[in-house]
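For reference, the chains in residue letters:
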Amino acid sequence: MTKMTTDRLKVGILGATGAVGQRFIQLLEGHPWFELSALYASERSAGKPYHEAVTWRVPVAQPAYAGELVVQTPAPAEDLDLVFSALPSQMAETMEPLFAEAGIPVISNASAYRMTSDVPLLIPEVNPEHTALIATQQAKRGWPGFIATNPNCAVVGLVLPLKPLHDAFGIESVRVVTLQAKSGAGYPGPPPEIIGDNVLPYIPGEEEKLQSEPLKLLGALAGDRIEDAHIILSAQCNRVDVLDGHTASVFINFTNRPSVDQASEALRAYKGIPQTAALPSAPQWPVVVLVDADRPQPKLDRDHDQGMAVTVGRLRSDALTDLMFTTLSHNTIRGAAGAAILNAELLKHQGIL
Ligand SMILES: NC(=O)c1ccc[n+]([C@@H]2O[C@H](COP(=O)([O-])OP(=O)(O)OC[C@H]3O[C@@H](n4cnc5c(N)ncnc54)[C@H](OP(=O)(O)O)[C@@H]3O)[C@@H](O)[C@H]2O)c1
């Protein structure tokens, strides 16, 4: 990890007690650039020290450093440099602008503003230049702060491998079938009598996100807007009885069909700003290609590089499909809290924070 600076930015977490909020607490412990200074949740939790308010479910010990901070209901505080938001989308819709308006940048996981035209939707390796939308947003809305977002948790594991393939060979169409973990539904999540020994073939709103967010992420910055990538996308999303880690089967057709070896090489060589600038939370390689025929598996591979690397395997082609593979990402780390922290690191690296 990068050397600790003495003037760390003071950060708050909105939705600190939930599935994503708990990952923020885990990942911000000892962060060299960000110092946790405020925790927010609902009336249910407000007024209690964090260790009492939270039902800790992350499979590592609850860090002591946040335990005595008293949880508050959300309200902008003057001494904050930024907030990470892990609020339910409806709450985010009303609450995040209040912070941005008060001059506090909001780095959000929520879906409320992801597709709003003046709000950047970011994966630092994929589209770091889209942060230019922040200046447009501030000018248009008169906000001294801003909102920047990370994608849906299943989108990150799809788009990270798509990016180098699209750049090298031009993607025409993608079909994706996801197998998404229980923690993706937040806490407490689907009850055991429903999800146990079962697959739920419907996650409300998820397929729409899988079919729209990648087009913005892979799109081109055109002045004060993003022109969507011209790719045909089709998605089927399933919830499965897995604790953490979203798996997806991906089927791609290209303008310039690569061999499987060429595609594998493009994935292995892929690096972005987080790697070249050595941002504190960057994985060494954003996409790791596994060679064993039965990998990736959530239980074995979701924690690769502290949960920040996407693992890919089973690369092959057939008569219908130029390239197919299985991709796996940790939904509450690379798909949520880790994604937002890496976004904040990118913004600090670019001098925006
Ligand atoms: N889970 C994932 O894998 C994932 C991935 C990417 C993005 N996201 C997005 O991230 C956000 C959080 O998801 P999650 O899974 O962490 O949800 P969650 O487990 O249900 O947690 C929700 C959090 O919001 C707080 N909250 C609820 N109502 C509130 C209110 N009226 N005022 C203030 N705080 C309130 C809760 O506090 P209390 O404990 O006090 O109720 C809790 O801290 C959602 O927008 C979700 O779509 C989730």
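Quantities reported herein were computed from a predicted structural model and do not represent experimental measurements.

In terms of regular secondary structure, the protein is built from eleven helices and 15 strands. At 19 Å, the protein has a C-alpha radius of gyration in line with the 20 Å of a compact globule built from 353 residues. Principal axes of the C-alpha set define a box for the protein whose edges measure 60 × 50 × 40 Å. The buried share of the protein, reckoned over its 353 residues, is 48%.

Taken together, the six strands give an open sheet; going across it, the order is β3-β2-β1-β4-β5-β6, and neighbouring strands pair in parallel fashion. With one partner strand each, in any of the chains shown, β3 (71-72) and β6 (147-149) form the two edges of the open sheet. Inspection of the sheet shows strand β1 (residues 9-14) paired to strand β2 (residues 34-40) by six bridges, in the parallel sense. Residue pairing across strands places Lys10 opposite Glu35, the latter belonging to β2. Running over the sheet, helix α3 (residues 89-101) touches β1, β4 (82-85), β5 (106-108) and β6 and is turned about 150° from β5.

Another point: the domain arrangement of the protein. Domain boundaries assigned for the protein yield domain 1 (9-152 + 337-349) and domain 2 (153-330). Contact with domain 1, which involves 30 residues of that partner, is made by 30 residues of domain 2. Sort the elements by how many residues they give to the side of domain 1 that touches domain 2 and helix α11 (residues 333-349) lands first, with seven residues. The residue inventory of the side of domain 1 that touches domain 2, partitioned by class, reads 15 nonpolar, ten polar and five charged.

Here the focus is the pairing of β4. A regular strand places its side chains on the two faces of the sheet in alternate fashion. Side chains of β4 alternate between two faces, with Leu82 and Phe84 and Val83 and Ser85 buried alike. Sheet analysis places β1 next to β4, joined by four bridges and oriented parallel. Within β4, the residue paired with Gly12 across the bridge is Val83. Alignment of β4 against β5, held across three bridges, turns out to be parallel. Bridging from a neighbouring strand, Ser85 pairs with Ser108 of β5. Viewed along the sheet, the connection from β4 through α3 into β5 turns out right-handed.

Next up on the list: the site of the ligand. In the region of the ligand, 30 residues are neighbours, and Gly15, Gly18, Ala41, Cys153 and Gly186 sit closest. Taken together, the elements giving at least two residues each to the shell around the ligand come down to α1 (19-28), α3 and α11. For the shell around the ligand, the class distribution of residues is 14 nonpolar, 15 polar and one charged. Among the domains, domain 1 (9-152 + 337-349) and domain 2 (153-330) are the pair contributing at least three residues each to the shell around the ligand.

Before going further, it helps to examine the nonpolar core. Ranked by internal contacts, the top residues of the largest apolar core, which has 94 residues, are Ile13, Ala16, Phe24, Leu39, Val83 and Val159. Among the elements that make up this core, the one with the highest residue count is α11 (ten residues). Each of domain 1 (9-152 + 337-349) and domain 2 (153-330) contributes no fewer than three residues to this core. Sequence-distant contacts of Val83, that is, excluding residues within four places in its chain, are made with Val11, Gly12, Ile13, Leu14, Phe99, Ile104 and Val106.

What follows is about the sheet that holds strand β11 (residues 232-240). With respect to topology, seven strands assemble into an open sheet ordered β8-β11-β7-β12-β15-β14-β13, the strand pairing being mixed. For this open sheet the edge positions go to β8 (199-200) and β13 (287-289), each flanked by a neighbour on one side alone. Relative to β11, strand β7 (residues 171-180) is paired through eight bridges, and the arrangement is parallel. Within the sheet, the bridge partner assigned to Thr178 lies in β11 and is Cys237. Contacts from helix α8 (residues 260-269) reach β13, β14 (310-316) and β15 (323-329), with the element oriented near 170° to β14.

This part takes up helix α7 (residues 206-217). With twelve residues, α7 should cover 16 Å at 1.5 Å per step; its first-to-last C-alpha distance of 16 Å lies within 8% of that length. Buried residues belonging to α7 abut α5 (153-169), β7, β10 (225-227) and β11.

Our next topic: the environment of Val291. Tracing the backbone shows Val291 in the loop between β13 and α10 (298-301). The class of Val291 is exposed, set by 8 C-beta atoms lying within 10 Å.

Glancing now at the packing of α1 against α11. The N-to-C vectors of α1 and α11 enclose an angle of 50°; their axes lie 9 Å apart at closest approach. One finds that α1 runs oblique with respect to α11. Relative to α11, α1 is oriented so that their crossing is right-handed. Counted together, Val20, Arg23, Phe24 and Leu27 of α1 and Ile333, Ala336, Ala337, Gly338 and Ile341 of α11 form the full contact between these two elements. A class-by-class count of the residues in the contact of α1 with α11 yields seven nonpolar, one polar and one charged.

Conventions and cut-offs
- Residues numbered from 1 in each chain as written.
- Predicted model: local features only at pLDDT ≥ 70, side-chain atom pairs only at ≥ 80, totals over all residues.
- Helix = DSSP H or I, 4+ residues; strand = E, 2+ residues; numbered from the N terminus.
- Rg over C-alpha atoms; globule rule 2.2 N^0.38 Å.
- Buried ≥ 20, exposed ≤ 12 C-beta atoms within 10 Å, placed from the backbone.
- Pairing = 2+ DSSP bridges.
- Contact = placed C-beta atoms within 7 Å.
- Axes fitted to C-alpha atoms, helices over the stretch in contact; angles between N-to-C directions.
- Domains from an automatic or database assignment.
- Nonpolar A, V, L, I, M, F, W, Y, C, P; charged D, E, K, R; others polar.
- Right-handed = clockwise from strand over helix to strand, strands pointing away.
- Near = placed C-beta within 6 Å.
- Core = buried A, V, L, I, M, F, W, Y, C linked by C-beta atoms within 7 Å.
- Expected span 1.5 Å × (residues − 1).
- Parallel < 35°, antiparallel > 145°, perpendicular 65-115°, else oblique.
- Left-handed = near helix turned anticlockwise from the far one by under 90°.

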